[in-house]
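One letter stands for each residue in the lines below.
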Amino acid sequence: MTTTAHSHPVASDSITRIALNLTVMALASGMILAVINHFTQPIRIANEEKMRAEAQRKVAPQQATSFEAIKGFSPDNTWYRGVDASGNRVGYVIPLKSRGYEGFIEMMLGVDTDHKIVDFVIVKHKETPGLGALAKEQPFRAKFVGRTVDRLEVSAKPEGDKIVAITGATITSRAVAKGLRETLKTLKELEADDFANIPPALAQSEEGHE
Amino acid sequence: MNEAITPDKVAEKIGEENAGFKGSKQTTFAGLVADGILAKNPVFVLALSLCPAVAVTTSVKTSFAMGVAVLFVMSFNNLFTSLLRRVIHPKVRMPTFILLIATMVTTTELFMSAFFPALYQEMGVYLKLVVVFAIILARAEVFASKNSPVASFMDGFGMGLGFLGAMVLAGVVREVLGTGTFWGYPVLGSHYQPILMIVLAPGGFITIGLLIALFRTIGAAKEKARSNASTPSAQVAEAAHA
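A few points on the structure. (Residues numbered from 1 in each chain as written. Chains lettered and ligands numbered in written order. Predicted model: local features only at pLDDT ≥ 70, side-chain atom pairs only at ≥ 80, totals over all residues. Heavy atoms only, no water.)

## Details of the pattern of salt bridges
By the definition in use, this model includes 13 salt bridges over all chains. With its nearest N and O atoms 3.7 Å apart, the salt bridge here joins K178(A) to E182(A). Here E182(A) and K178(A) lie together in helix α3 (residues 170-192), a separation of four residues that amounts to about one turn. Judged by its relative accessible area of 42%, K178(A) is partly exposed. Close ionic contact of K128(B) with E109(B) constitutes a salt bridge, the shortest N to O distance being 3.3 Å. With K128(B) in helix α7 (residues 125-128) and E109(B) in helix α5 (residues 93-115), this pair connects stretches of sequence that are 19 residues apart. Overall, E109(B) belongs to the buried group, its relative accessible area being 12%. Among the ionic contacts, a cluster of salt bridges with common partners joins R147(A), R151(A) and D161(A). (Salt bridge = Lys/Arg side-chain N within 4 Å of Asp/Glu carboxyl O. Helix = DSSP H or I, 4+ residues; strand = E, 2+ residues; numbered from the N terminus. Buried < 20%, exposed > 50% of the residue type's maximum accessible area, 1.4 Å probe, protein only.)

Pasting the structure below:
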């Protein structure tokens, strides 16, 4: 940076003037951003809602034509039951999150009535682009399709029935599998008494939600 | 262009050349834009903003998005800095410049998260880090605070284009070699065994390093061609970088 002497028409070095200059700028900046946020916020929410609905349809069993929210879950953590055209229950759509390499990976899992994974999507994540971020792509997701809770182990190298981790992103791969495993376990417990006892962690909105 | 160029040296150097615009030897708007793309390319020549260049260029899509975001921020930040240059108190010009940049970046963020949520997700923290790009503050201080709004906009636009070009170039090399795809679509066939290292951080440094070397070589060849323009070697050099 050069330290050129600026010619300044109202150059006054009084501290009030300097402070005022910065304050006015900061205020103006805040106001501009507030206005922009005001107009983009509804679009952002609508788009998020749309993505959520799309994700729901993508992961649910194919026969599902509508989704009903299961009672007792917190609004931002609602589990859905998939229902087919003739009213039969065909599976579940479950939101979940798991601690990944960087922050939480938010996912949506779809299972059929046998608790076999239909598909899952990653809704939000902070994983490394080109590495951990590959977890949301089809080749990795395909490895989970049809698996049940007892077949969700991840290994860095091909090993028996285990899911092979994404090269360079073992932590992300494990995090995804762990999240799905724990959710399937919870599902089994909750289904046993037909969702009568939903654990407090799922029933209330979580603190420090990100 | 043979000596190592540091930001300080650049500032010093362009401070001396004082024809046409202050802080640039160019005399036309087109010249200012061209300067940003080639002679003063932020990544390849000035070697600024290498952190995001390494971090985000793992795919063409994220590289492109980052480049466009920076292009927008730089052009308009230069414009507003220039418009406000007589209002900003010299003693607080640095904080004010940063404030302006932060406002521009946040605006970009708000728009991106609203209209391109998936892409916004993929860029993660690096979009926020645009606030502390040395190149943007440098252009505000060296150029925009001393020139007319239009010239400043053009300077930012050229520099932004230079950055965008550099990002996309690095992104193409890394995505094609590192994953065998282009913009997410497979291009090298299933036989191709991707060089994973290219998409990892070390591959980023190596790719950028090689691209800088390439740029310098072309620059040197051009310089040589200019100095003996009448000799046949000029045509050879022209052909070499065509």
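## Some words on the interface of chain B and chain A
Each partner contributes to the interface: chain B provides 34 residues, whereas chain A provides 31 residues. Summing both partners gives a buried area of about 3,200 Å² for chain B against chain A, and 69% of it is carried by carbon and sulfur. In terms of surface lost to chain A, no three residues of chain B exceed H89(B), L110(B) and Q121(B), which account for 18% of the buried area on that side. Here chain B is connected to chain A by five residue pairs in polar contact (both at pLDDT 80 or more). Counting only elements with at least two residues in the side of chain B that touches chain A, the list comes to α1 (7-16), α5, α6 (117-123), α8 (134-144) and α10 (196-199) of chain B. (Contact = heavy atoms within 4.5 Å. Buried area = accessible area lost by both parts, 1.4 Å probe. Polar contact = N/O pair within 3.5 Å; in protein donor to acceptor, adjacent residues only side chain to side chain.)

## Regarding the sheet that holds strand β3 (residues 89-99) of chain A
All names here are of chain A. The strand order across the open sheet formed by five strands is β1-β2-β3-β4-β5, and the pairing between neighbours is antiparallel. The open sheet has two edge strands with one neighbour each: β1 (66-69) and β5 (117-124). Sheet twist, expressed as the mean angle between neighbouring strand axes with direction ignored, is 25°. Of the strand pairs in this sheet, β3 and strand β4 (residues 104-112) are connected by nine bridges, and their pairing is antiparallel. Along β4, the bridge assignment pairs V93 with G110. Relative to β5, helix α1 (residues 15-59) is tilted by about 160°, and along the sheet it contacts β1, β2 (80-83), β3, β4 and β5. (Pairing = 2+ DSSP bridges. Axes fitted to C-alpha atoms, helices over the stretch in contact; angles between N-to-C directions.)

## Focus: the nonpolar core
Core analysis: the largest hydrophobic core is formed by 41 residues, its most contacted members being M66(B), V130(B), F133(B), I135(B) and I136(B). Contributing elements (two or more residues each) for this core: α3 (50-56), α4 (60-83), α5, α6, α8, α9 (149-179) and α11 (201-227) of chain B. Per element, the largest residue contribution to this core is six residues, and it comes from α4(B). Non-local contacts of I135(B), meaning those with residues more than four positions away in its chain, are made with P42(B), L46(B), L48(B), S49(B), M74(B) and M159(B). Core analysis: the second largest hydrophobic core is formed by 34 residues, Y92(A), L131(A), F144(A) and L184(A) among them. (Core = buried A, V, L, I, M, F, W, Y, C linked by side-chain atoms within 4.5 Å.)

## Observations regarding the pairing of β2(A)
Residue and element names in this part refer to chain A. By the bridge criterion, four bridges tie β1 to β2 in an arrangement that is antiparallel. Pairing of A69 across the sheet is with Y80, part of β2. Of the pairings in the sheet, the one linking β2 to β3 comprises four bridges and is antiparallel in character. Bridge pairing in β3 places V83 opposite R89.

## Some words on unusual backbone geometry
Residues and elements named next belong to chain A. Backbone geometry places D194, a non-glycine residue, at a positive phi of 50°. As for its placement among the helices and strands, D194 is situated in the loop between α3 and α4 (200-203). One non-glycine residue, F195, lies in positive phi territory at about 60°. Turning to its location among the elements, F195 is positioned in the loop between α3 and α4. Given a relative accessible area of 6%, F195 falls into the buried group.

## Re the side chain of D35(B)
All names here are of chain B. Here D35 lies in helix α2 (residues 29-37). Residue class for D35 comes out buried when judged on its relative accessible area of 7%. In this structure D35 touches S24, Q26, K40 and N41, once residues within four positions along its chain are discounted.

Honestly, that's just the spatial picture; any functional story needs more than this.
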